[in-house]
Amino acid sequence: MSIPLVVNGRSYSLEVDPQTPLLTALREHLDLTGSKYGCGEGLCGACTVLVEGKAQRSCVTPVSSVRGKKITTIEGLAHGDDLHPVQQAFLDEGAMQCAFCTSGMIMSAVSLLNRNREPSEKQIVDAMDGNVCRCGTHTRVIAAIQRAGRQMSESKETRR
Amino acid sequence: MTTKNIVRVDIEPERYELAERPTYYFDVDRRDFFKFLGAGALVVCALKSPGLGQESGRAHGRGDALPNDIASWLQVSENGRVTVYTGKVEIGQNIRTSLSQAVSEELHVPIERIDLVMGDTQLTPFDMGTFGSRTTPTMNLQLRKVSGAARDVLIAMAAKQWNTEPAKLVAADGKVADPAGNRSIEYAELVKGKQLTATLPAEDPLIPASDWKVAGTSVPKVNGRDFVTGKHRYPSDQTLPDMLYGKVLRPPSFGATLVSADTQKAEQMGATVVRDGNFVGVAAPTTAQAETAVATIQAKWNEVSQPSNKELFDYLRENTTNGSDPTGDGDRFESGSVDQAFSSSSHTLKATYTVQYIAHTPLETRAALAQWDADHLTVWTGTQRPFGVREQLAEAFHLPEEKIRVLMPDMGSGYGGKHTGETAVEAARLARATRHPVKVVWTREEEFTWAYFRPAGVMDVKSAVNSDGMLTAWEFHNYNSGSAGIRPYYEIPNQRIIFHPVKSPLRQGSYRALAATANHFAREAHMDEIAHSLKMDPLEFRLKNLKNERLRAVFEAAAKKFGWGKAKTGPGQGYGMGGGYEKLGNVATFAEVHVDRKSGEVRVKRVVTAFECGAIVNPDGLKNQVEGSNIQGLGGALFEAIQFKDGKILNAALSEYRVPRFSDVPQMETVLLDRKDLPSAGAGECPLVGLAPAIGNAIFDATGVRLRALPLVPDGLKAT
Ligand code: FES
Ligand code: FES
């Protein structure tokens, strides 16, 4: 069966089993390997992508459930050479060690900041608790999210 | 090929880590260098220090071969880039950055112009592996020397060209400048069209840290952009044209042997099935097809009975092997007259401490992509020991190592858990049968089950103190977990320390900080117990028995920052400490916990760590390592434990094996003591060892309940 997918603004048609996890479709069929496999049961967040701007665990998302929806992966977050403020903030805060969790962390953070530019530490912890980092970069990730939030509200102000 | 060769991959029990003998050679002809590099380069090689040189080098016999005991090498090319070759690998400890800093500093080249080729067995000199916090003390210094030598050669070249004295010239920003003559020349220009090599001997590589500029500061991750954009390809992200995906049929329990396997259905589905002794694997164009195919295989296995968690600690005590610890690193140590000291003491204490098996759970599971070209094998894989994996492949496929190339793209970490090459062997076996490149990526369940664990252990401790609170005798037995950090740093005249190796019921190996975590837990918890039994302040008791200045300094610094001695502000609150010396680093950790005896919830509220590992290379990176160690350490301290029965892992999923998350992370404060007068040591491991005892001691302070087993509170701590 052919499934239409819109990923990072490009349209694809995939010949796969409708139950195929979105993560597999992205990594194996579209060669978008920025989304990572960490657990396959929705519990580590390494595979997080945005579906219509909201974070979703692609490893437990059947492709058929997101047909035609707007999917953004880590590869589609920057505009050309301009990094998304969250990406930039992760660099500025040194919020990574092996960085295997980083793309999922960034996508979850973007989703949070899309809803709330100034999350409290508690709100960040709640929103990010499903993202595992085994290297222990948590405090830096929190700092990066706060920095990005400030950045995003400021740039919005100036635009207005 | 026999079963043995394909399925059994030797693991690295942690006690062998440092004793492992490398089978090293690096034969390179000077002409080979330039065949590979092209003309227009300066190559500088560093020799291995004689202390590390038990490796049997082989003479090449072809022309003017470079010495074969090279430890690292560096190339300045005519395009202005500097390429550094090291067998170390990047697994999240940020050495790609810290090593680049060292090169930038000495060679006077902007860091953006430096490339590091790491852990490629064809291009980089042999390296035992990236573990034991050895990169900073060894490789960092070596690269500084190589870079300094390269800079001197470049200055000499410019001096010759300008017919002046090298001493009158300075190197800066990738150029040699002549301030008097008001002229400068790019390094690139100097090496243009030339083929120059230089080797330098390995002497004592100490360099004073007081005037470091680039090193000693916080430089962001050098290729950070590739990670935040998803561009970096980890081992599990590697692909090749016509690649197939491989899946291996797993036995139902450890040690099971294959009786029969019906693979007909899988073959009918179009998958290639390989059966080789105990190994049954399939390869197919997609992971889904490979998974479906392997699931159709009907196999019969012969299973063997084996111990479970329930009887684990009795089992460890009862199954010691006669073999001794080959490192000789404290496997048996005795001083003074221990028995006499105990019998004449009026204040003795005895207690037993235990630690469970835990899983490294690196976020990236094991992965490998293998490709054959006639009888040459190339494998991209995630490992801390690319050269070790090459050796395993050579053994498995009866190939000379020259025919195998192992490459290690920066991976999703290891923590000591990826010393082996299981997926490399599996992918290579399937690739050979299918004549396609094959990728094998383990599922989380496979990683939990078929990798290896941090050893479980039992520690029996007996101590004696005199009426002044001075330790007089110490007897310490460790069953199975290992001898790292087993020797006390407290001043004790009479000691008996014995490590008892055990035939482990589970596959076990290295883990960040090795057995130092277990040994420090037992020792530092016991110190607390003695202090309380003497009604002495635990800090005062420790300092009374501690002469080591560096260790005293971290205890004092952490105590000050923590505010040791301050009054508690509410019920359920507790303070505790732990610390020690490991891998040339000194650490003291103070923890504040909060225990709710009604709900049983135990929360670590605040952790203060003082750490000192000589001269600091990258303060931010160091802080990152200390915090990371503490967060990772929370899991093993509080709740991580592998459950097993009849050769099966019962909690082989993240839903059943709890790892630390954002909500578990305490407030953390790190005090770094910079000792510019001392050589830099690594920091990937030592900071871990103080945390578990600090938490355990804080729980005692809060509740009066003494917990002597790690994990401390897998099910919380309800009032009974
Ligand atoms: S891989 Fe999807 S949540 Fe872990
Ligand atoms: S940085 Fe390694 S898992 Fe997060």
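All residue numbers refer to position in the chain's written sequence, counted from 1. Numbering of ligands from 1 and lettering of chains from A proceed in the order in which they are written. Per-residue local features are limited, in this predicted model, to residues with pLDDT of at least 70; the limit for side-chain atom pairs, both in listing and counting, is 80 or more; totals at the level of whole chains, interfaces and linings are taken over all residues. For side-chain calculations, the full set of non-hydrogen atoms in the structure is used, while hydrogens and water are omitted.

Novice: How should I be thinking about the overall build of chain A in this particular structure?
Specialist: Per the convention used, a helix needs a DSSP run of H or I reaching at least four residues, while a strand needs a run of E reaching at least two, with both numbered from the N terminus. Check the secondary structure of chain A and you find 5 helices and 5 strands. Reading chain A from its N terminus to its C terminus gives the helix and strand order β-β-α-β-β-β-α-α-α-α. As defined in this context, the radius of gyration uses C-alpha atoms, and a globule is described by 2.2 Å times the residue total to the power 0.38. The C-alpha atoms of chain A give 15 Å as radius of gyration, which agrees with the globular expectation for 160 residues (15 Å, within 12%). Considered along the principal axes of its C-alpha atoms, chain A spans approximately 45 × 40 × 25 Å. Only protein chains enter the accessibility calculation, which uses a 1.4 Å probe. A residue is then buried if its area is under 20% of the maximum for its type, exposed if over 50%, and partly exposed in between. Each of the 160 residues in chain A was classed as buried or not, and the buried ones make up 54%. Sequence-distant contacts in chain A: of pairs separated by 6 or more residues, those separated by 24 or more amount to 59%. Contacts: residue pairs with any heavy atoms within 4.5 Å of one another.

Novice: How do you make sense of the interface of chain A and chain B when you look at a structure like this?
Specialist: Many authors give the size of an interface as the accessible area that is lost as the parts come together. Facing 46 residues of chain A, the contacting portion of chain B comprises 52 residues. Put simply, buried area is how much 1.4 Å-probe accessible surface two parts lose in total, over both of them, once they are put together. Between chain A and chain B lies a buried interface of about 4,000 Å² when both sides are counted; carbon and sulfur atoms form 53% of it. A per-residue breakdown of the area chain A buries against chain B is headed by Gln-97, Arg-134 and Arg-140 of chain A, which together make up 20% of the total. A side-chain nitrogen of Lys or Arg and a carboxyl oxygen of Asp or Glu constitute a salt bridge if their distance falls within 4 Å. For the interface between chain A and chain B, the tally reads 6 salt bridges. Side-chain atoms alone can form a polar contact between residues adjacent in sequence; in general such a contact is a pair of N or O atoms within 3.5 Å, and within protein one must be able to donate a hydrogen while the other accepts it. Where chain A meets chain B, there are 29 residue pairs in polar contact (both at pLDDT 80 or more). Every element with two or more residues in the side of chain A that touches chain B is listed here: α1 (22-29), α2 (85-92), α3 (102-115), α4 (121-128) and α5 (138-159) of chain A. The element that contributes the greatest number of residues to the side of chain A that touches chain B is α5 of chain A, accounting for 5 residues.

Novice: I keep staring at the environment of Trp-474 of chain B and nothing clicks. Help me out?
Specialist: With respect to the helices, strands and loops of the structure, Trp-474 of chain B is situated in strand β23 (residues 471-479). Linking Trp-474 of chain B and Leu-349 of chain B, residues 125 residues apart in sequence, is a C-alpha distance of 9.7 Å.

Novice: What should I look at first to understand the pairing of strand β25 (residues 573-582) of chain B in this one?
Specialist: Look at any regular strand and the pattern is simple: side chains alternate between the two faces of the sheet. Residues and elements named next belong to chain B. For β25, a buried count of 9 out of 10 residues is recorded, marking the element as mostly surrounded by other parts of the structure. Pairing between β25 and strand β26 (residues 585-595): 10 bridges, direction antiparallel. When the sheet's bridge partners are listed, Gly-579 is paired in β26 with Ala-588. DSSP calls a pair of strands paired once it identifies at least 2 bridges connecting them.

Novice: Would you mind going over the domain arrangement of chain A with me for this structure?
Specialist: Residue and element names in this part refer to chain A. Annotation comment: domain bounds sourced from an automatic or database domain assignment. Per the domain assignment, the segments of chain A are domain 1 (2-76) and domain 2 (85-155). Computed over C-alpha atoms only, the centres of domain 1 and domain 2 are separated by 21 Å. Tallying the contact residues gives 18 residues for domain 1 and 13 residues for domain 2. Buried surface at the junction of domain 1 and domain 2, summed over both partners, amounts to about 1,100 Å²; 59% is from carbon and sulfur atoms. Among the secondary structure elements, those contributing two or more residues to the side of domain 1 that touches domain 2 are β3 (48-51) and β4 (54-57). Across the side of domain 1 that touches domain 2, the residue classes break down as 8 nonpolar, 7 polar and 3 charged. Under the grouping applied here, Gly and all other residues not named as nonpolar or charged are polar, the nonpolar ones being Ala, Val, Leu, Ile, Met, Phe, Trp, Tyr, Cys and Pro and the charged ones Asp, Glu, Lys and Arg.

Novice: How do you make sense of the packing of aromatic side chains when you look at a structure like this?
Specialist: The relative placement of two aromatic rings is captured by the distance of their centres and the angle of their planes. Residues and elements named next belong to chain B. We call Phe, Tyr and Trp rings a pair once their centres come within 6.5 Å, taking the six-membered ring for Trp, and we label the pair stacked below 30 degrees between planes, edge-to-face above 60, and tilted otherwise. Scanning the model with the defined rule gives 15 aromatic pairs over all chains in all. Through a chain of ring-to-ring contacts, three or more aromatic side chains come together here, namely Phe-562, Trp-564, Tyr-575 and Phe-590. For a Lys NZ or an Arg CZ to count as sitting over a ring, it must be within 6 Å of the ring centre and within 35 degrees of the ring normal. Above the ring of Tyr-511, the side-chain terminus of Arg-454 is found at 6.0 Å from the ring centroid. Above the ring of Phe-333, the side-chain terminus of Arg-487 is found at 3.5 Å from the ring centroid.

Novice: Looking at this model, I keep getting lost on the sheet that holds strand β5 (residues 70-72) of chain A. Mind explaining?
Specialist: Residues and elements named next belong to chain A. An order of β2-β1-β5-β3-β4 is seen for the 5 strands of this open sheet, with the pairing classed as mixed. Strand pairing shows two members of the sheet lacking a second neighbour, β2 (10-15) and β4, which therefore form its edges. Here the strands of the sheet are splayed against their neighbours by 40° on average, with no regard to which way each runs. In this sheet, β5 lies alongside β3 in antiparallel orientation, the contact comprising 2 bridges. Each bridged residue has a counterpart across the sheet, and for Leu-50 the counterpart in β5 is Thr-72. Each axis is a line fitted through C-alpha atoms, taken for helices only over the stretch in contact, and angles between the N-to-C directions span 0 to 180 degrees. Along the sheet, α1 makes contact with β1 (2-7), β2, β3 and β5, crossing β1 at roughly 80°. The sheet strands contacting α3 are β3, β4 and β5, and the helix crosses β3 at an angle near 35°.

Novice: What is the right way to read the nonpolar core from this model?
Specialist: By nonpolar core we mean a set of buried residues, namely Ala, Val, Leu, Ile, Met, Phe, Trp, Tyr and Cys, connected to one another through side-chain atoms within 4.5 Å. Among the nonpolar cores identified, the biggest contains 110 residues, and Val-86 and Phe-90 of chain A together with Tyr-357, Leu-377, Leu-393 and Ile-642 of chain B are the most heavily contacted of them. Looking at which element gives the most residues to this core, the answer is α3 of chain A, with 7 residues.

Novice: Looking at this model, I keep getting lost on the pattern of salt bridges. Mind explaining?
Specialist: Where charged atoms from two side chains of opposite charge come close, those side chains can pair. All names here are of chain B. In this structure the tally under the stated criterion is 44 salt bridges over all chains. Ionic pairing is found between Asp-528 and Arg-542, a salt bridge with its closest N-O pair at 3.8 Å. In this pair, Asp-528 is assigned in helix α14 (residues 516-533) and Arg-542 in helix α15 (residues 538-544), connecting sequence segments 14 residues apart. No difference in accessibility class separates Asp-528 from Arg-542, as the two residues are buried.

Novice: Quick question: what am I supposed to make of helix α3 (residues 95-107) of chain B here?
Specialist: Residue pairs spaced three or four apart in an α-helix point in one direction, given the helix's 3.6 residues per turn. Residue and element names in this part refer to chain B. With 13 residues, α3 extends 18 Å between its outermost C-alpha atoms, agreeing within 8% with the 18 Å of an ideal straight helix rising 1.5 Å per residue. Taking burial as the measure, the 13 residues of α3 include 13 buried ones, the bulk of the element. One or two steps after α3, the chain reaches His-108, where phi turns positive at roughly 60°. Here the expected length of a helix is defined as 1.5 Å per residue gap, with one fewer gap than residues.

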